[in-house]
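Single-letter residue listing:
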Number of protein chains: 2
Amino acid sequence: MNALQTAQKYTPGLHVICDLSSHNTGATSDAQLFQQKMNELLFRLQLQKLGEVYHQFENAGFTAVVCLTDSHISVHTWPEFGKVTFDVFLSNFRGVNDTKAQLIADELLNYFEAVEVSRTELKR
Amino acid sequence: MNALQTAQKYTPGLHVICDLSSHNTGATSDAQLFQQKMNELLFRLQLQKLGEVYHQFENAGFTAVVCLTDSHISVHTWPEFGKVTFDVFLSNFRGVNDTKAQLIADELLNYFEAVEVSRTELKR
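The residue numbers shown here count from 1 along each chain, following its written sequence. Here the convention is simple: chains get letters from A, ligands get numbers from 1, in the order in which they are written. Residue-level local features of this predicted model are given only where pLDDT is at least 70; pairs of side-chain atoms are given and counted only at 80 or more, and the full residue set underlies all totals for whole chains, interfaces and linings.

**Considerations on the sheet that holds strand E6 (residues 115-123) of chain A**
Residues and elements named next belong to chain A.
Part 1: With antiparallel pairing, the six strands of this open sheet are ordered in space as E2-E3-E4-E5-E1-E6. Each of the sheet's edge strands pairs with one partner strand only, and the pair in question is strand E2 (49-56) and E6. Each strand of the sheet is rotated relative to its neighbour by a mean of 5 degrees, with strand direction disregarded.
Part 2: It is the C-beta atoms, placed from the backbone, that decide contacts: two residues are in contact if theirs lie within 7 Å. Only C-alpha atoms enter the line fits that serve as axes; for helices the fit covers just the stretch in contact. Angles between N-to-C directions range over 0 to 180 degrees. Elements are defined by DSSP. Helices are runs of H or I of four residues or more, strands are runs of E of two residues or more, and each kind is numbered from the N terminus. Strands in contact with helix H3 (residues 31-45) are E2 and strand E3 (62-68); relative to E3, the strand with the most contacts, it is inclined by about 25 degrees.
Part 3: Across the sheet, helix H4 (residues 98-111) lies against strand E1 (13-21), strand E4 (71-78), strand E5 (83-91) and E6, angled at about 10 degrees from E1, the strand it touches most. Only when DSSP finds a minimum of two bridges between them are two strands counted as paired.

Take a look at the structure:
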């Protein structure tokens with residue numbers, strides 16, 4: 001296989017994108033609590049962080065972006081609207097991670113006690 | 001309008017997701033150069049950073065995740081495959097940002113001299 005064929009065959013990975021409603025204001029308001037959850041999850045799945053940004057908005061929600069060797073996870077919460085959006089993109093550069101991406105999405109939906117979920121899976 | 005109606009009406013924003021091929025290995029390999037481009041763009045569009053992660057892989061591509069008050073931008077490059085994936089998600093919390101999200105995507109496609117573009121726009 002030549003370089004061009006390899007490039008054409010390379011498919012970066014699976015991107016799972018979820019929008020949901022949540023009535024769990026504890027989960028949607030507390031960046032620090034969420035950071036613990038995320039760290040446990042990444043440790044369990046043996047995913048390696050390159051860096052992260054957690055930002056707690058005052059009397060409101062939070063934004064979390066975790067940069068991984070295998071792409072990224074982002075979470076944005078709006079407890080005042082009972083809304084959360086997140087996306088999990090894991091690349092297949094070091095092995096097929098599709099199942100891990102789906103598992104992280106499932107765990108996050110569970111964490112926020114999600115209702116009215118809109119879930120999109122993009123094979124990139 | 002009651003709180004529930006407000007929650008149902010709140011639509012977080014536009015997520016522009018692009019996968020592309022690029023033959024410009026200078027652009028796809030150099031995290032620092034890309035960071036300059038991104039900073040100029042954010043300044044021009046008056047978007048406020050909460051934090052950022054730029055990671056230069058050795059003799060390879062880079063990963064950049066920029067966390068904004070209005071959500072996030074992520075970029076992953078694989079110069080060895082001539083591939084780039086990026087996504088731009090801007091929330092409408094402080095005003096409708098759909099045009100800005102599209103403009104950033106256009107600028108990034110131009111920066112990487114993108115060919116074979118797959119572009120998805122998700123209204124979240």
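**Quick notes on the environment of A:Leu68**
All names here are of chain A.
Part 1: Looking at the element boundaries, Leu68 is found in strand E3.
Part 2: Buried means a residue has 20 or more other C-beta atoms within 10 Å of its own C-beta, exposed means 12 or fewer, and partly exposed covers the counts in between; C-beta atoms are placed from the backbone. Given 25 C-beta atoms within 10 Å, Leu68 falls into the buried group.
Part 3: Spatially, the C-alpha atom of Leu68 lies 4.4 Å from that of Lys49, the residues being 19 residues apart in sequence.
Part 4: Leaving out residues up to four positions away in the same chain, Leu68 has contacts with Leu47, Gln48, Lys49 and Leu50.

**Regarding the sheet that holds strand E4 (residues 71-78) of chain B**
All names here are of chain B.
Part 1: With respect to topology, six strands assemble into an open sheet ordered E2-E3-E4-E5-E1-E6, the strand pairing being antiparallel. Whereas interior strands pair on both sides, the edge strands pair on one side only; in this sheet they are strand E2 (49-56) and strand E6 (115-123). Pairwise comparison of adjacent strand axes, ignoring direction, gives a mean angle of 5 degrees for this sheet.
Part 2: Pairing between E2 and strand E3 (residues 62-68): seven bridges, direction antiparallel. Paired with Gln56 across the bridge in E3 is Phe62.
Part 3: Relative to the sheet, helix H3 (residues 31-44) contacts E2, E3 and E4, its axis offset from that of E3 by approximately 25 degrees.
Part 4: Packed onto the sheet, helix H4 (residues 98-111) meets strand E1 (13-21), E4, strand E5 (83-91) and E6 and runs at close to 10 degrees relative to E1.

**Looking at the confidence of the model for chain A**
Residues and elements named next belong to chain A.
Part 1: Per residue, pLDDT measures the predictor's confidence, with a range of 0 to 100. For chain A, the average pLDDT comes to 91, and 92% of its residues sit at 70 or higher.
Part 2: Confidence drops under pLDDT 50 across residues 1-5; counting only partners more than four residues distant or on other chains, this segment forms one contact.
Part 3: Across the predicted assembly, pTM comes out at 0.89 and ipTM at 0.85.

**Some details on the relation of the copies chain B and chain A**
Part 1: Superposition of chain B onto chain A requires a rotation of 180 degrees combined with a translation of 0.0 Å along the rotation axis, giving an RMSD of 0.0 Å. With respect to symmetry, the two chain copies, as superposed, fit the operation of a two-fold axis.
Part 2: When the interface residues of chain B are mapped onto chain A, 100% of them are again interface residues, pointing to one common binding face. Fitting of the copies onto one another was done by least squares over C-alpha atoms, counting residues only where both copies have pLDDT of at least 70.

**Concerning H3(A)**
Side chains of residues three or four places apart in an α-helix project in the same direction, reflecting 3.6 residues per turn.
Part 1: By definition here, a helix of n residues has an expected span of 1.5 Å times n minus one. The end-to-end C-alpha distance of H3(A) is 21 Å, a good match for the 21 Å that 15 residues give at a rise of 1.5 Å each.
Part 2: At the C-terminal side of H3(A), A:Gln46 shows a positive phi close to 55 degrees.

**Some remarks on the interface of chain B and chain A**
Part 1: Between chain B and chain A, the residue contacts involve 27 residues of the former and 28 residues of the latter.
Part 2: For the side of chain B that touches chain A, the secondary structure elements donating two or more residues are helix H1 (3-9), E1, E2, E3, E4, E5 and E6 of chain B.
Part 3: Three classes are used: nonpolar for Ala, Val, Leu, Ile, Met, Phe, Trp, Tyr, Cys and Pro, charged for Asp, Glu, Lys and Arg, and polar for all others, with Gly counted as polar. Considered class by class, the residues forming the side of chain B that touches chain A number 11 nonpolar, 13 polar and three charged.

**Description of the nonpolar core**
Part 1: Counting residues in each nonpolar core, the largest one holds 56 residues, and the members touching the most others are A:Val88 and B:Val88.
Part 2: In contact with B:Val88, other than residues within four places in its own chain, are B:Val16, B:Ile73, B:Ala101, B:Ile104 and B:Ala105. For this entry, the nonpolar core is defined as buried Ala, Val, Leu, Ile, Met, Phe, Trp, Tyr and Cys residues connected by C-beta atoms within 7 Å.

**Re H4(B)**
Residue and element names in this part refer to chain B.
Part 1: Here H4 is 14 residues long and its end C-alpha atoms lie 20 Å apart, about the 20 Å a rise of 1.5 Å per residue gives.
Part 2: What H4 keeps buried is the set Ala101, Ile104, Ala105, Leu108 and Tyr111. Take H4 and look down its axis: the buried residues cluster within an arc of 125 degrees, on one side only. Projecting away from the buried face of H4 at angles above 90 degrees are the exposed residues Thr99 and Asn110.
Part 3: Close packing links the buried residues of H4 with E1, helix H2 (25-29), H3, E4 and E5.
Part 4: Glu113, located one to two residues past H4, shows a positive phi value of around 50 degrees. Directions are taken from the helix axis to each C-beta atom, and the arc is the one they span.

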